[in-house]
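# Residue-level structural notes
In case you want the letters, here they are:
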Amino acid sequence: TNDGIIGDHLRSNRYALAQIMLNDQLPNGRVRPMLVEEVEQIAKIDAVAYPYPWSEQIFRDCIKSRYHCIVYENDQQMLGYAVLSVAVGEAHILNICILPEKQNCGLGRDLLNYLIELAREEQVETMFLEVRFSNESAKRLYDRVGFNELGIRKNYYPAKEGREDALVLAMNIL
């Protein structure tokens, strides 16, 4: 039954569920845990948003690993998602994405602020992320929210002409 599948997922992902209340409200929608059954849809969004998207298996592995895998939605559609790893006083944003047609209207900032608050609840001291050097709008957002440059990861991302460097950012949040 569907209830059995969903129930199994909820039990296997109870750590993340304990940290994310179902239907937490954000200004333009709500957040909730990502379900394994949604991975195909999420991977399709990732493929539209990024030139080198994550595979469905990567999303499944993140859910299985009990990372905070979050969906941001309104009544009409999924607006975006995020994957956050938390361990030993640190959080790492592994993926944060807003549908391309919904970008530049504050949704990314709302989701990012939610991740920061989630990390604070977990007593995280520092949050990290990597961003492509070429992603100017994301870099501006992270700067406005309070992330600081730590360094560069050479050849971190795949790119059309080989590899692209990543800017490593961090923010103290406690």
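A brief report on the enclosed structure follows.

Cut-offs used in this document
Residues numbered from 1 in each chain as written. Predicted model: local features only at pLDDT ≥ 70, side-chain atom pairs only at ≥ 80, totals over all residues. Heavy atoms only, no water. Helix = DSSP H or I, 4+ residues; strand = E, 2+ residues; numbered from the N terminus. Buried < 20%, exposed > 50% of the residue type's maximum accessible area, 1.4 Å probe, protein only. Contact = heavy atoms within 4.5 Å. Areas by Shrake-Rupley, 256 points an atom, 1.4 Å probe, with all protein chains shown as cover. Salt bridge = Lys/Arg side-chain N within 4 Å of Asp/Glu carboxyl O. Axes fitted to C-alpha atoms, helices over the stretch in contact; angles between N-to-C directions. Parallel < 35°, antiparallel > 145°, perpendicular 65-115°, else oblique. Left-handed = near helix turned anticlockwise from the far one by under 90°. Nonpolar A, V, L, I, M, F, W, Y, C, P; charged D, E, K, R; others polar. Pairing = 2+ DSSP bridges.

### Quick word on the overall build of the protein chain
Per the secondary structure count, the protein chain includes 6 helices and 8 strands. Secondary structure elements of the protein chain, listed N to C terminal, follow the sequence α-α-β-β-α-α-β-β-β-α-β-α-β-β. Taking all 174 residues of the protein chain together, the buried fraction comes to 46%. Relative to all contacts within the protein chain whose residues are 6 or more apart in sequence, the contacts with residues 24 or more apart total 59%. When the accessible surface of the protein chain is summed, it comes to about 9600 Å², and 48% of that surface belongs to carbon and sulfur atoms.

### Quick look at the pattern of salt bridges
For the coordinates displayed, the defined rule picks out 12 salt bridges. Between D110 and R109 there is a salt bridge, with the nearest N and O atoms lying 3.8 Å from each other. Taking the shortest distance from any N to any O, the salt bridge between E130 and R153 comes out at 3.1 Å. With E130 in strand β6 (residues 126–132) and R153 in strand β7 (residues 148–159), this residue pair connects regions lying 23 residues apart in the sequence. Residue R153 is classed as partly exposed on the basis of its relative accessible area of 36%. Among the charged side chains, a salt-bridge network with shared partners connects R30, R32, E38, E73 and D75.

### Some details on the packing of helix α5 (residues 107–121) against helix α6 (residues 136–145)
Between α5 and α6, the shortest axis-to-axis distance is 11 Å and the interhelical angle comes to 45 degrees. Overall, the two elements α5 and α6 adopt an arrangement that is oblique. Relative to α6, α5 is oriented so that their crossing is right-handed. Facing G108, R109, L112, N113 and I116 of α5, the residues of α6 in contact are L141, Y142 and V145. Tallied by class, residues from the contact of α5 with α6 come to 5 nonpolar, 2 polar and 1 charged.

### Side note on the sheet that holds β7
The strand order across the open sheet formed by 8 strands is β1-β2-β3-β4-β5-β6-β8-β7, and the pairing between neighbours is mixed. The sheet is open, and its two borders are formed by β1 (24–26) and β7, each paired with just one other strand. In this sheet, adjacent strand axes meet at a mean angle of 30 degrees when their direction is disregarded. In this structure, strand β5 (residues 90–98) lies alongside β6, joined through 4 bridges in parallel fashion. When the sheet's bridge partners are listed, I93 is paired in β6 with L129. Here α5 sits on the sheet and contacts β1, β2 (29–33), β3 (68–73), β4 (78–87), β5, β6 and β8 (162–172); the angle it forms with β5, its principal contact strand, is near 160 degrees. Against the sheet, α6 engages β5, β6 and β8, with an angle of about 160 degrees to β6.

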